[in-house]
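# Survey of secondary and tertiary structure
Chain by chain, the residues run as shown.
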Amino acid sequence: MKKKLLSLLLAGAMTVGLAACGNGGDTPAETPSDNPDATASDANVAVFYYAYSDAFISSVRSALDTALTGAGIEPQNFDGNSSQTTQNEYITTALANGANILLVNLVDTASIDTANAIIEQADAVGAQVVFFNRAVEGTDQEGVVLNAHENVAFVGTDAPEAGHLQGEMIGNYLVENFDAVDLNGDGQISYAMFMGQVGNVEAIYRTQYSVEDANAILAENGHENALVYFDASNPDMYQADQAGNWSAQAALEYMQTNLSQYSEANGNMIELVICNNDNMAEGAISALQAAGYNTGEEGSTTIPVFGVDATDSAKALIADGYMTGTVEQSATGMANALLGMVQNISAGMTMDEAVAAVAQTDTELYSVSDAVANKLYVAYSAYTG
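Notes on the structure follow. (Residues numbered from 1 in each chain as written. Predicted model: local features only at pLDDT ≥ 70, side-chain atom pairs only at ≥ 80, totals over all residues. Heavy atoms only, no water.)

## Comments concerning the packing of aromatic side chains
As a reminder of what qualifies: Centre distance within 6.5 Å is the pairing criterion for rings of Phe, Tyr and Trp, where only the six-membered ring of Trp is used; planes under 30 degrees apart are then read as stacked, over 60 as edge-to-face, and the remainder as tilted. Helix and strand definitions here come from DSSP, where helices need a minimum of 4 consecutive H or I residues and strands a minimum of 2 consecutive E residues; each element is numbered from the N-terminal end. Only protein chains enter the accessibility calculation, which uses a 1.4 Å probe. A residue is then buried if its area is under 20% of the maximum for its type, exposed if over 50%, and partly exposed in between.
The tally for this structure, following the rule as stated, stands at 10 aromatic pairs. Arranged with centres 5.5 Å apart and planes meeting at 75 degrees, the rings of Tyr191 and Tyr229 form a pair that is edge-to-face. Of this pair, Tyr191 sits in strand β6 (residues 189-195) while Tyr229 sits in strand β7 (residues 227-229), and the two are 38 residues apart along the sequence. Look at Tyr229 and you get buried, because its relative accessible area is 7%. With 5.1 Å between their ring centres and 85 degrees between their planes, Phe230 and Tyr262 make a pair best called edge-to-face. One end of the pair, Phe230, is in the loop between β7 and β8 (239-240); the other, Tyr262, is in the loop between α7 (248-259) and β9 (272-275), and 32 residues separate them in sequence. Look at Phe230 and you get buried, because its relative accessible area is 9%. Members of the aromatic cluster, connected to one another through ring pairs, are Tyr191, Tyr229, Phe230 and Tyr262.

The following block contains the structure:
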């Protein structure tokens, strides 16, 4: 009963601190650190990022550093550099040095064995683990990890949501601009798809629903089976970053190769580019511009390009007319949610209580999984400038 009362009091106090995050954007906002009763002076926080090089993760790191230091917490930051082995070594070291709250952005996403090993290692020394951004279990295994431990929570996104939003955005855009996008006038839109990481839950759903939902909207408007993958010899219907880094370089190289074979002159031009994230969208746009597309110059053809994350550079490309749209994932919203989790855990809440308290601070931005009480979702939103 005491913990429940504390949960309600803290949730109310945090509402003031996080209210400015309600639009889901990345404008710096006040945080729950404004509540002196919720400070986490005893928290020894270690943050483990899968890769500093990821543009969105870089935004999260900047926002989280600001949020934590503003609350008087100096985090230890570690770059996994896309190596789970490296990340594991850092976790072992941080725990040996007294870290009692681990914020973990897994390298090996949706790896149950990896997640369980980290949780058990932390539990052995009484530390708490909050995974974030990258799934610890697949949607068909929901709760297998998170429901099995008391010292763990997850802060991230509802994986299918970005794919659905991207598909809706693409479908609506094509309904309005079908003839202009259909460069060869064959009644179909030839698209390229760049996947961030094979096996990644978010990548799988973004790849699937962006096409399915766009086709559904097109069919409702008289365009049956309008999206056709540009390379009939590729049964996967995507090109993936084999290093799993969701990188601009991977998309750039793929698109350069594609454009050496597909062009308006040949009558088989790629007419639409769909990317799992903005990094890959930027790489694809660089290749298109090098080939004379998406330059903004008079007479230049602009190929619609869609991404996910709404990074600052992607927003600039959209403003300049080189990119068409993206799905916003709030780095500030995620950072503030993680700060709230740190403060709530330090105040003695259970993981379920901590998640519920953060969710109540902004019901438009945050929600709790229906199936897993210690799983907090940060909402996506469409962005077209």
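## Some remarks on the packing of helix α8 (residues 278-290) against helix α9 (residues 312-319)
Definition in use: All axes here are fitted lines through C-alpha atoms, helices being fitted over the stretch that makes contact, and every angle between N-to-C directions spans 0 to 180 degrees. When an angle is under 35 degrees it counts as roughly parallel; over 145 it counts as roughly antiparallel; between 65 and 115 it counts as roughly perpendicular; any other value is oblique. Helix crossings fall into two classes, left-handed where the near helix is turned counterclockwise from the far one by less than a right angle and right-handed where it is turned clockwise. We call two residues in contact when some of their heavy atoms are within 4.5 Å. Polarity classes work like this: nonpolar for Ala, Val, Leu, Ile, Met, Phe, Trp, Tyr, Cys and Pro, charged for Asp, Glu, Lys and Arg, and polar for all others, with Gly in that last group.
One can describe the packing of α8 onto α9 by two numbers: an axis separation of 9 Å at closest approach and a directional angle of 45 degrees. Between α8 and α9, the angle falls in the class oblique. Crossing of α8 against α9: the hand is left-handed. Where α8 approaches α9, its residues Asp278, Glu282 and Ile285 are matched on the opposing element by Ser313, Ala314 and Leu317. The residue makeup of the contact of α8 with α9, split by class, is three nonpolar, one polar and two charged.

## Quick notes on the sheet that holds strand β1 (residues 45-49)
Worth spelling out the cut-off: In this description, strands pair whenever DSSP reports at least two bridges between them.
Strand order in the open sheet formed by seven strands is β2-β1-β3-β4-β5-β13-β12, with mixed pairing between adjacent strands. Each edge of the open sheet carries a strand with a single partner, namely β2 (76-79) and β12 (366-368). In this sheet, neighbouring strand axes are inclined to one another by 20 degrees on average, regardless of whether the strands run parallel or antiparallel. Strands in contact with helix α2 (residues 55-70) are β1, β2, β3 (101-104) and β4 (128-132); relative to β1, the strand with the most contacts, it is inclined by about 170 degrees. Its contacts with the sheet put helix α11 (residues 351-361) on β4, β5 (152-156), β12 and β13 (375-378), and the angle it makes with β12 is roughly 145 degrees.

## Focus: the pattern of salt bridges
Applicable threshold: Think of a salt bridge as a Lys or Arg side-chain nitrogen and an Asp or Glu carboxyl oxygen that are within 4 Å of each other.
Evaluated as defined, the whole model comprises two salt bridges. A salt bridge links Lys375 to Glu142; the shortest N-O distance between them is 3.4 Å. One end of the pair, Lys375, is in strand β13; the other, Glu142, is in the loop between β4 and β5, and 233 residues separate them in sequence. Overall, Glu142 belongs to the partly exposed group, its relative accessible area being 30%.

## Here's the deal with α11
Burial of α11 is extensive: eight of the 11 residues sit out of reach of the surface. Listed in full, the buried residues belonging to α11 are Met351, Glu353, Ala354, Val355, Ala357, Val358, Ala359 and Thr361.

## A look at helix α3 (residues 84-96)
Side chains that are three or four residues apart share a direction in an α-helix, a result of its 3.6 residues per turn. Quick reminder of the rule: Given the number of residues in a helix, its expected span is that number minus one, multiplied by 1.5 Å.
Under the 1.5 Å per step criterion, the end-to-end length of α3 is 18 Å for 13 residues, consistent within 8% with the ideal 18 Å. The inward-facing, buried residues of α3 contact β1, β2, β3 and α4 (112-123). Just downstream of α3 lies Gly98, where phi reads positive at about 100 degrees.

## Structural notes on the environment of Gly72
Examined against the element boundaries, Gly72 turns out to sit in the loop between α2 and β2. Between the alpha carbons of Gly72 and Ala43 there is a distance of 9.8 Å; along the sequence they are 29 residues apart.

## Considerations on the side chain of Thr114
Relative to the assigned elements, Thr114 resides in helix α4. The residues contacting Thr114, other than those within four sequence positions of it, are Gln84, Leu106 and Asp108.

## Considering unusual backbone geometry
Even without a glycine there, the phi angle at Asn225 is positive, about 45 degrees. Looking at where Asn225 falls in the secondary structure, it is placed in the loop between α6 (201-220) and β7. Overall, Asn225 belongs to the exposed group, its relative accessible area being 56%. Despite not being glycine, Trp246 has its phi angle at roughly 50 degrees, a positive value. Structurally, the position occupied by Trp246 is in the loop between β8 and α7. Residue class for Trp246 comes out buried when judged on its relative accessible area of 6%.

## Comments concerning the nonpolar core
The following threshold applies: To qualify as a nonpolar core, a set must consist of buried Ala, Val, Leu, Ile, Met, Phe, Trp, Tyr and Cys residues joined through side-chain atoms within 4.5 Å.
With 96 residues, the main nonpolar core has Leu103, Val155, Val273 and Met341 as its most contacted residues. The element best represented in this core is helix α10 (residues 331-346), accounting for nine residues. If sequence neighbours within four positions are ignored, Met341 has contacts with Val130, Ala153, Val155, Met351, Ala354, Val355 and Val358. Counting residues in hydrophobic clusters, the runner-up holds 24 residues, among them Ala46, Ala99, Ile112 and Phe131.

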